Amino acid sequence: MIWENSTYLFGLLLIPIVWGAFWWLRVARHKRRSELFDDRLLTLLRLNFWKTGDSIRFYSFLLALLFFVLALAGPKIGTEIREVERSGVNMLIALDLSRSMNVEDISPSRLEKAKFEINRLINRLEGDRVGLMVFTGQAFVQSPLTLDYSALRLYLDIVKTDQMPSYTSNFQAALVKAQETFQSIEENNNAANVLLLIGDGENHGPGFTEAAEQLNESGVTIFTVGIGTSAGGRIPIYENGNLQGYHRDNQGNEVVSTLSSQNMREIANLGGGNYYEISRGSDTIEPFLSRLSELERGEFSSQEYANYKNRYQLMTAIGLVFLFLSLFFPDFSPASKSNTKPVVS
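Residues numbered from 1 in each chain as written. Predicted model: local features only at pLDDT ≥ 70, side-chain atom pairs only at ≥ 80, totals over all residues. Heavy atoms only, no water.

A.B. asks: So what's going on with the pairing of strand β4 (residues 129–135)? Which residues, and what values?
C.D. replies: The buried count for β4 comes to seven of seven residues, which makes it a mostly enclosed element. As paired elements, strand β3 (residues 90–96) and β4 share seven bridges and run parallel to each other. Among the inter-strand pairings, L95 is bridged to a residue of β4, identified as V134. Once the chain exits β3 it traverses helix α4 (residues 110–124) before rejoining the sheet at β4, and the crossover so formed is right-handed. Two strands pair when backbone bridges link them, and β4 and strand β5 (residues 139–146) are joined in this way by five bridges, in the antiparallel orientation. Across the sheet, residue L132 finds its bridge partner in β5, namely S143. Connecting β4 to the next strand, β5, in antiparallel fashion are three residues. (Buried < 20%, exposed > 50% of the residue type's maximum accessible area, 1.4 Å probe, protein only. Helix = DSSP H or I, 4+ residues; strand = E, 2+ residues; numbered from the N terminus. Pairing = 2+ DSSP bridges. Right-handed = clockwise from strand over helix to strand, strands pointing away.)

A.B. asks: An account of helix α8 (residues 261–270) is needed here, citing residue identities and associated values.
C.D. replies: The complete set of buried residues in α8 reads M264, I267 and A268. Around the axis of α8, the buried residues are gathered within 100° of arc, so they sit on the same side. Those residues of α8 that are exposed and angled more than 90 degrees off the buried face are Q262 and N269. Buried residues belonging to α8 abut α6 (171–183), β6 (193–199), β7 (220–227) and β12 (272–278). Once α8 finishes, G272 follows within two positions and takes phi at roughly 75°, a positive value. (Arc of directions from axis to C-beta. Contact = heavy atoms within 4.5 Å.)

A.B. asks: Outline the environment of R57, supporting the account with residue identities and numerical values.
C.D. replies: Structurally, R57 can be placed in helix α3 (residues 51–73). A polar side-chain atom of R57 sits 3.5 Å from the main-chain carbonyl oxygen of F329. (Polar contact = N/O pair within 3.5 Å; in protein donor to acceptor, adjacent residues only side chain to side chain.)

A.B. asks: Pulling in residues and values, what's your account of a nonpolar patch on the surface?
C.D. replies: Together, W19, W23, W24, L25, V27 and Y59 make up a nonpolar patch on the protein surface, roughly 670 Å² of accessible area in all. For the nonpolar patch, the leading source of residues is helix α1 (residues 14–36), giving five residues. Here Y59 lies in helix α3. (Patch = residues over 30% accessible without salt bridge, like charges linked within 9 Å, V, L, I, M, F, W, Y side chains within 5 Å. Areas by Shrake-Rupley, 256 points an atom, 1.4 Å probe, with all protein chains shown as cover. Salt bridge = Lys/Arg side-chain N within 4 Å of Asp/Glu carboxyl O.)

This is the structure we're talking about:
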């Protein structure tokens, strides 16, 4: 048994409170009566009183209160087993963690905006198998392809630019690592393979044309998201969360990082996908979601779910029965009324 609103179970504390209040009132009332009446006179005044019936009425009220509280808590008893198939695409998200992703031309920063949009994407997915790869000069799989979105969010939350061994971007390394990741998938379920590459477009590595073409030829569609503005901004340098200054070139001049959309467009064209751009805080990844729904989906797993049925109706019905008894059960004895005559002395 599970409860839909378990907080209401605290209402069960009313039962001992009501019982204690009744006991205290009964003792106080008995003490008061004993001061005013003789026991024989009290018996004559309560000639028809049936103590057992009175107890039944009281305890019926307590039981009615018990079942009404249980009904409010929403007991779910019994299960209905149903099988649910999960189908979707294989999607690997490649996130640029170069130092330039800390630029704040998009509030609060390019990286934080990217993480926010990835979280929005995960919240909208239904059955897609998703992995997370991070890259700078090298690429690492942060989370393998999984259906466990909660674990994926944990991996995403901890990514930072200072976790990587280098601070510049190498798209070729990211594309090669992506191909290795997709090749490691053993299941043949006809699901589309998708690479979503998110970054500011700056590339300090070798050419990526051949790697992008090979990845597409192996059956992977590449979508890219450019994040940043054409005006750009200075590259902040943080240590232990504190701003230490801004990145400078060899001549001591502050470096301004801008969105290199041309590189991102070229990768998307080579990969048979589309390019999307986030250049304002109000821009979202919504257009990619629309495109994702058009891709071929494969079945990844079939799971059984236990669906508990709410039984508050049963508890309410039982409570009403006991409430009826507490209101209408007789607390007098007809037999004693007909066979006993009052004695007047």
